[in-house]
Amino acid sequence: MMKNMATHILTKIAVNIGRLLMAITFIFSGFVKGIDPLGTQYKITDYLEALHIDWMFPSWSTLLMSIVLAMCEFAIGIFLLLAIRRKLVSKIALLLMSVMTLITLWIVIADPVKDCGCFGDAVVLTNMETFVKNLILLAIAILLWKKPMEMPQLVSKPTQWIAINYTFLFSIVMSIWSLWYLPQFDFRPYHIGVNIAKGMEIPKGAKQPKFDTTFILEKNGERKEFTIDNYPDSTWTFIDSKTVQTEEGYVPPIHDFSIADAKTGEDITQEVIHDKGYTFLLVSPHLEFADDSNFGNIDEIYEYANDHGYRFLCLTASTEKAIKHWQDITGAEYPFYVTDETTLKTVIRSNPGLLLLKNGTIIQKWSHNDLPDMAEIGDKPLEKTEIGKMPEVSAAKKIAGIISWFIIPLVLLTIADRLWAWGAWIRKKENSNRILSTFKKKRKMRKKIVAGNWKMNMNLQDGVALAKEINEALVADKPNCDVVICTPFIHLASVAQVLDSEIVGLGAENCADKAKGAFTGEVSAEMVKSTGAQYVILGHSERRQYYGETAEILKEKVELALANGLKVIFCCGETLEEREAEKQNEVVKAELEGSVFHLSADDWKNIILAYEPIWAIGTGKTATSDQAEEMLAYIRSIVAEKYGNEAAEETSILYGGSCKASNAPELFAKPNIDGGLIGGASLKAADFKGIIDAWKK
């Protein structure tokens, strides 16, 4: 027993440590993807290109994939943290980790991308590090899938729908906000506050990597690749450029930033990043896909820069044709320069986007949807404006703000939901109390019963010995309730000989649904009665589950048992899935209506009901006293609806489900719980008597 308990405790600890680790990982992964949906889209496109199927997916579909992926990861993390829909979420987490582990195994072997992008730009892992990480998470996912119910819920079931819906809504809004404006957190090398020149520096003594930038140009239908050293004349048309690392070495945070004249190829990178004044950089990886709805604001900023002597450049990886088209539709007069496409996508997550540099340091970044209003600035120089200064919002404040936006509304919604539910509950109670108030006042009229169900345990000799021990203990110390022991068929006749029927009643665990005949192995109600038994258990969940006993079969058994003078302990109860779906009342009512609610009022006097939550039978789990009381009060109310208040008041209703001496006093103190149907604890005389003695407390 102690060994099993220790194993259970260790399992519970392992499950919840794993749950916490996986929840944090998924929340962080989903969050960094959600605040940078364009970055996630770029990574998805990398995978599709590696598989040579990128042509099958238009840009909008990969962007949608990035938002959905971020939402799913964030939601799974939150649901694991709060233990919402534990079984379903643990299955989804296992499925997702299985797929992700296979993908990372592929990238370890094939090396199609340099990093998986699982944590965006926040934490960059090698392919092997990612694979090891996923193997660990997969092992945790398997553990959670096997033991989901070991995760204690932090949010009550009635409130879970709020947490589920708000989590999805929050993630979607977070992604849309980041798309419209810019990511709230910038983990890339070009974040606000970075000096580009310093970001490009290599420490003394460090081995320097080598990079080659190649330009693809076209002339007379012929395409060729050129480097900076052999860049051709302006008769060639720029098509594309790419920068690749040719030798390993120390790689500075910024290693691929270059600015070349779109026509001449002249490199002005150093000139720009060492300019002591202000420089506006309009960034558009592809002008042909850029949003031109705010070109008027861009032109105003360009004119403002011209008037005050500030440099204004447009950096793009587009062709000369695309540049010309942009000029035609926007009237752009600012100069255009060529920069690597990947670099531009890294610099800012907007097409177009605007940067403001001062002395080579990035001090502001804007999406094209959130450009500064030049009418408010007027003729003031940048030094005297807010946009000309570094913003003071700290990362800690941003984190606190985002957490507040998630937690505070969730708490307020939960409180509102609980207040509404409380009001509904009060109204419901007012109605039900008209029936149940009489039950509380008259409880003493009902019989208090503790019944033991031995199930398939004990050989004949041990069974007789246990029955004798129980009988002697109760003869010596009279119980304050009726006591019944229900034994396997082979025990009945022998056990009946050692019991004082005035102290301990005898019952069977089952009987046949036929009176007599060629039914090999069956035991009829008449045979049970002939052994000296007075009771029989019918409708137990194990009989329903393992032997397919239907409502109609049980109806026959009940009628035969009553016809042969037996009192029936009739069981009803719901599964865990039914309780989680809040169908427990519906299930219990259907079980009673199908098998016993057809009886006459006289026959009903010989019925004892036993509510057994199936999820608490033999599991060590017990419904709380309030849960048990709520269900037994409901059962009594539907008996009252069928047979009247007086019959309902006289009906003894027992609780069955891991009832022990330790929790019996609390359970039996409830006004509608009239005793217990005891399983494992009835197999030891001391344990069984401890439960019986709960009626003396």
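Under an unreviewed UniProt entry, the name given to the protein is Triosephosphate isomerase, and the organism recorded is Segatella copri DSM 18205. Among the UniProt annotations of the protein, the heading Subunit (unreviewed entry) holds the following wording: "Homodimer."

**Some points on the overall build of the protein**
When helices and strands are counted, the protein shows 25 helices and 17 strands. The C-alpha atoms of the protein give a radius of gyration of 38 Å, which is well past the 26 Å a tight globule of 697 residues would have. With the C-alpha coordinates aligned to their principal axes, the bounding extent of the protein is approximately 115 × 50 × 45 Å. Residues counted as buried form 48% of the 697 residues belonging to the protein. A sequence separation of at least 24 residues applies to 75% of the contacts in the protein between residues at least 6 apart. Accessible surface computed for the protein: about 34,400 Å², of which carbon and sulfur atoms make up 58%. Side chains of the protein give 74 positive and 86 negative charges; the mean places of these two sets differ by 10 Å.

**Looking at the nonpolar core**
With 72 residues, the main nonpolar core has Ile-485, Leu-592 and Phe-668 as its most contacted residues. Among the elements that take part in this core, helix 22 (residues 625-643) stands out by supplying 9 residues, more than any other. With sequence-adjacent residues up to four places away left out, Leu-592 is seen in contact with Phe-570, Cys-572, Phe-597, Leu-609, Ile-635 and Ile-638.

**Considering the sheet that holds strand 9 (residues 361-367)**
Strands sit in the order 4-7-6-5-8-9 across an open sheet of 6 strands; the sheet is mixed. Lying at the two open borders of the sheet, with one neighbouring strand each, are strand 4 (260-261) and strand 9. Here strand 4 pairs with strand 7 (residues 336-338) via 2 bridges, running antiparallel. Note on strand 7: the bridge partner recorded for Ala-260 is Val-338. Against the sheet, helix 9 (residues 295-308) contacts strand 5 (278-284), strand 6 (311-316) and strand 8 (353-358), and its axis sits at roughly 140° relative to strand 6.

**Description of the pattern of salt bridges**
Enumeration according to the criterion identifies 29 salt bridges in this entry. In this structure, Arg-86 and Glu-580 form a salt bridge, with 3.9 Å as the shortest nitrogen-oxygen distance. Of the two residues, Arg-86 is situated in helix 4 (residues 86-110) and Glu-580 in helix 19 (residues 576-580); the sequence distance between them amounts to 494 residues. Classification of Arg-86 as buried rests on a relative accessible area of 11%. Exposure remark for Glu-580: the relative accessible area of 27% places this residue in the partly exposed category. The closest approach of N and O atoms between Arg-579 and Glu-574, which form a salt bridge, is 2.8 Å. The exposure classification of Arg-579 matches that of Glu-574, with both residues buried. Connected via shared salt-bridge partners are Asp-36, Asp-121, Asp-186, Arg-188, Arg-349 and Lys-365.

Cut-off values and rules
- Residues numbered from 1 in each chain as written.
- Predicted model: local features only at pLDDT ≥ 70, side-chain atom pairs only at ≥ 80, totals over all residues.
- Heavy atoms only, no water.
- UniProt positions renumbered as here; feature names shortened; annotations may be inferred.
- Helix = DSSP H or I, 4+ residues; strand = E, 2+ residues; numbered from the N terminus.
- Rg over C-alpha atoms; globule rule 2.2 N^0.38 Å.
- Buried < 20%, exposed > 50% of the residue type's maximum accessible area, 1.4 Å probe, protein only.
- Contact = heavy atoms within 4.5 Å.
- Areas by Shrake-Rupley, 256 points an atom, 1.4 Å probe, with all protein chains shown as cover.
- Lys, Arg positive; Asp, Glu negative; His and termini not counted.
- Charge placed at Lys NZ, Arg CZ, Asp CG, Glu CD.
- Core = buried A, V, L, I, M, F, W, Y, C linked by side-chain atoms within 4.5 Å.
- Pairing = 2+ DSSP bridges.
- Axes fitted to C-alpha atoms, helices over the stretch in contact; angles between N-to-C directions.
- Salt bridge = Lys/Arg side-chain N within 4 Å of Asp/Glu carboxyl O.

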